[in-house]
Amino acid sequence: MRKVTIPGGVFYNGDCISGSSQIPDNSVDLIITDPPYGIEGDKLHRHYNRDESFVTDGYVEIPAEEYENFSMNWIAQAERILRPGGSIYIVSGYTNLLYILNALHHTRLEEVNHIIWKYNFGVFTSRKFVSSHYHILYYTKPGGIRTFNTECRVALSEKDEHGGSLNYQDREDVWIINREYKPGRVKNKNELPFALLSRIIQYSSNEGDLVCDLFLGGFSTARTAIGLSRNVIGFEISSGMFDTRIQEMTNLVPGSLLNTIRTPLEPERKLTRKTWTDDEINSLRTRYQELSGTRLTEKEINSKLQEELGRGYWSIEKALKKTGIKPGRR
Ligand SMILES: C[S@@+](CC[C@H](N)C(=O)[O-])C[C@H]1O[C@@H](n2cnc3c(N)ncnc32)[C@H](O)[C@@H]1O
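Here's a quick rundown of the structure.

Conventions and cut-offs
- Residues numbered from 1 in each chain as written.
- Predicted model: local features only at pLDDT ≥ 70, side-chain atom pairs only at ≥ 80, totals over all residues.
- Helix = DSSP H or I, 4+ residues; strand = E, 2+ residues; numbered from the N terminus.
- Buried ≥ 20, exposed ≤ 12 C-beta atoms within 10 Å, placed from the backbone.
- Contact = placed C-beta atoms within 7 Å.
- Core = buried A, V, L, I, M, F, W, Y, C linked by C-beta atoms within 7 Å.
- Axes fitted to C-alpha atoms, helices over the stretch in contact; angles between N-to-C directions.
- Parallel < 35°, antiparallel > 145°, perpendicular 65-115°, else oblique.
- Left-handed = near helix turned anticlockwise from the far one by under 90°.
- Nonpolar A, V, L, I, M, F, W, Y, C, P; charged D, E, K, R; others polar.
- Pairing = 2+ DSSP bridges.

As a further point, take the overall build of the protein. Within the protein, the secondary structure is distributed over 11 helices and nine strands. Per-residue burial over the protein gives 30% buried out of 330 residues. Considering only residue pairs separated by 6 or more positions, the protein has 72% of its internal contacts joining residues 24 or more positions apart.

This is the structure we're talking about:
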């Protein structure tokens, strides 16, 4: 199988089911993948009425009658390579969702969320509702700590103009994200948007983690992940698609997209400089004793108290001394 290595990525031009034998067990932190749809996707442009000259040739479709077995086989490999605690996100349309869910059911992977992605340019219909969503199945492999960076994009303290939590909104399981329209530029028929991929990558991995895409298509997952300083391994069976896209990938600088993503605004902490009242000192003592019974370190307890009381590090240290609790002997 042809292998191409670039900074941050290793890519194979071949079948991911046999090819994933190249990847050791339990070695991948995050899998994001968008398997072929099994609905004659190589003719999708007919439904979408797009100008085919801008669509990269060579999308390899899976015949409908093979979809069930095909799903079982690649999902078994995905389970094997994922590390315990690792996450997998699978994008699926409705038609073959049943087979993907069934294949997941045959593994030890556990569901975390069933996300709905609502996009623009749905399949036009006249005598029923327009289909304009995909399913994103977010599962994890049990036995390890799952990465979920709750405040990677929006701080818990950030609010909209009506006082609603922006962090809550960013973590809802219905995502409204438009497909990217790139007039006149070569694209894959079903390229996933950067906004969707960066959200998954930010929440479910850290810089330096290994991200895998078993069905690279236009390499959108790989491009986003390398751009965000993750390492990537992936497969694409179509030589036409692989050759066109690998060319573009060689120009990608790892980490070059880090300055384009949403990051949390630091919570604005208003420190009070008032002297401590006796009541405040007493509540500090009680709260300190509660936190000492947890697994937090002294430093973490101090940060928590800073957050809760709006005081600085030294102010808390001094007030703790007044309670009779001596720094360094705690
Ligand atoms: C839905 S597309 C992926 C689109 C991709 N997420 C993107 O954003 O461009 C599925 C891709 O899987 C490829 N494919 C089909 N069977 C495959 C297999 N057995 N191994 C690897 N790639 C395969 C197809 O050629 C197609 O490019």
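So, next bit.
On to the nonpolar core, then. The biggest cluster of nonpolar side chains holds 49 residues, and the ones touching the most others in it are Val28, Ile31, Ala78, Ile88, Val211 and Cys212. With sequence-adjacent residues up to four places away left out, Ile31 is seen in contact with Ala78, Leu82, Ile88 and Cys212. Counting residues in each nonpolar core, the second largest holds six residues, with Tyr288, Leu305, Ile316 and Leu320 among its members.

In contact at an axis separation of 9 Å, helix 3 (residues 67-81) and helix 4 (residues 97-105) are set at 40 degrees when each is read in the N-to-C sense. One way to sum up the angle between helix 3 and helix 4 is to call them oblique. Regarding helix 3 and helix 4, the two cross each other, and that crossing is right-handed. Residues Tyr67, Glu68, Ser71, Met72 and Ile75 of helix 3 touch helix 4, and the partners they reach there are Tyr99, Ile100, Ala103 and Leu104. When grouped by side-chain class, the residues that make up the contact of helix 3 with helix 4 number seven nonpolar, one polar and one charged.

The next point concerns the sheet that holds strand 2 (residues 9-13). Strand order in this open sheet of nine strands is 1-2-9-8-3-4-6-5-7, and the pairing throughout is mixed. The open sheet has two free edges, formed respectively by strand 1 (2-6) and strand 7 (174-176), since each of these has just one partner strand. With strand direction ignored, the average angle separating the axes of adjacent strands in the sheet is 15 degrees. Across the sheet, helix 3 lies against strand 3 (28-33), strand 4 (82-92) and strand 8 (210-213), angled at about 150 degrees from strand 4, the strand it touches most. Against the sheet, helix 4 makes contact with strand 4 and strand 6 (131-140), and its axis sits at roughly 5 degrees relative to strand 6, the strand it touches most.

That is the geometry; function is a separate question.
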